[in-house]
Amino acid sequence: LLAGIDQGKIWIDHSTTDHEQNKVFTEKLTEKGAGLLECPITGGLEALKKGQMAVWVAGNKDDYTKVKHILEASYSTVQYTGGLGTAMIPKVLSNMLCGLQVIAMAEAMLIAKKSGLDLVEFWHSIRMSAGNSFLWETCGPNVFRGEYHDSFPIDLMCKDNQLGYEMARNAKVPLELFGLMQQVYNRALYSLGPEVGCYAPPKLYEIEQKES
């Protein structure tokens, strides 16, 4: 890519990586009179199918302005977050927040099941309550079908968790809940393999608790 880019071109990078890497790329692109925008996306496979993906954009604002019409034509929501590195923060932390909710859902469902409740009825009970969430509505049916969001494998989730850990370390913020979530996801990765979907913690708990 670097070899093929010349003056005036803009590299739109949708990867979820350490933003320090993009700083190195930006230095090399600047030497050529080109630019780089950090553009991680969010929404999941179903949103992609419906054309409802969202994108965060970080980098030089003039470069963003030049390609804004392309991004707006491609995504349902476009948000400029500031300088290089700032788009990766909400992307990674969003994934980590989802991980927390998946694990909380797994624990809640196990409690309900082992207490004799019908899980589908329990799912609907939470859905009508203040405890409902986007993850409860989307992850729950997947788990009932024995699916675990295979379009986003757990090894990528664990990679994002590690990026979040590095962000927290750099910001000198202790990771307590996120740290526990990272441990559960690592355990699921080691137990179930790298290709199982990112909704795997319920499956891990079912195996460990001898439930199905």
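Placed above this text is the structure.
Residues numbered from 1 in each chain as written. Predicted model: local features only at pLDDT ≥ 70, side-chain atom pairs only at ≥ 80, totals over all residues. Heavy atoms only, no water.

### What to know about the nonpolar core
So, point 1. Among the nonpolar cores identified, the biggest contains 34 residues, and C139, I154, Y185, Y199 and Y205 are the most heavily contacted of them.
So, point 2. Only α4 (88–114), α5 (119–127), α6 (134–144), α7 (154–171), α8 (177–192) and α9 (201–208) provide two or more residues apiece to this core.
So, point 3. Per-element tally for this core: the top contributor is α4, with ten residues.
So, point 4. With near-sequence residues (within four places) excluded, C139 lies in contact with V102, M105 and Y199. (Core = buried A, V, L, I, M, F, W, Y, C linked by side-chain atoms within 4.5 Å. Buried < 20%, exposed > 50% of the residue type's maximum accessible area, 1.4 Å probe, protein only. Helix = DSSP H or I, 4+ residues; strand = E, 2+ residues; numbered from the N terminus. Contact = heavy atoms within 4.5 Å.)

### A few points about the environment of E206
So, point 1. Structurally, the position occupied by E206 is in helix α9.
So, point 2. The spatial distance from the C-alpha of E206 to the C-alpha of E31 is 54 Å, given a sequence separation of 175 residues.

### Looking at the packing of aromatic side chains
So, point 1. For the structure on display, the rule yields four aromatic pairs.
So, point 2. With centroids separated by 5.3 Å and ring planes inclined at 20°, the aromatic side chains of W11 and F25 adopt a geometry described as stacked. Of this pair, W11 sits in strand β1 (residues 10–13) while F25 is found in helix α1 (residues 19–31), placing the two residues 14 residues apart along the sequence.
So, point 3. With 4.9 Å between their ring centres and 20° between their planes, Y64 and Y80 make a pair best called stacked. Of this pair, Y64 sits in helix α3 (residues 61–74) while Y80 sits in strand β5 (residues 77–82), and the two are 16 residues apart along the sequence.
So, point 4. On the basis of relative accessibility, which here comes to 7%, the residue Y64 falls in the buried class. (Phe/Tyr/Trp six-rings, centres within 6.5 Å; stacked < 30°, edge-to-face > 60°.)

### Here's the deal with the packing of α4 against α8
Packed helix pairs are characterised by how far apart their axes lie and by the angle those axes make with each other.
So, point 1. Across the interface, α4 lies against α8 with an axial gap of 10 Å and an inter-helix angle of 70°. As summarised for this structure, α4 and α8 are arranged roughly perpendicular, according to the angle between their axes. Residue-level contacts link L93, M96, L97, G99, L100, V102 and I103 of α4 to L177, F178, M181, V184 and Y185 of α8.
So, point 2. Of the residues that constitute the contact of α4 with α8, the class distribution is eleven nonpolar, one polar and no charged. (Axes fitted to C-alpha atoms, helices over the stretch in contact; angles between N-to-C directions. Parallel < 35°, antiparallel > 145°, perpendicular 65-115°, else oblique. Nonpolar A, V, L, I, M, F, W, Y, C, P; charged D, E, K, R; others polar.)

### Concerning the pattern of salt bridges
So, point 1. Counting across every chain of the model gives eight salt bridges.
So, point 2. K68 is the partner of E72 in a salt bridge, and the nearest nitrogen-oxygen pair spans 3.8 Å. With E72 and K68 both in helix α3 and four residues apart, this pair spans about one turn of that helix. (Salt bridge = Lys/Arg side-chain N within 4 Å of Asp/Glu carboxyl O.)

So, to be careful, I would describe these as geometric facts and stop short of saying anything about function.
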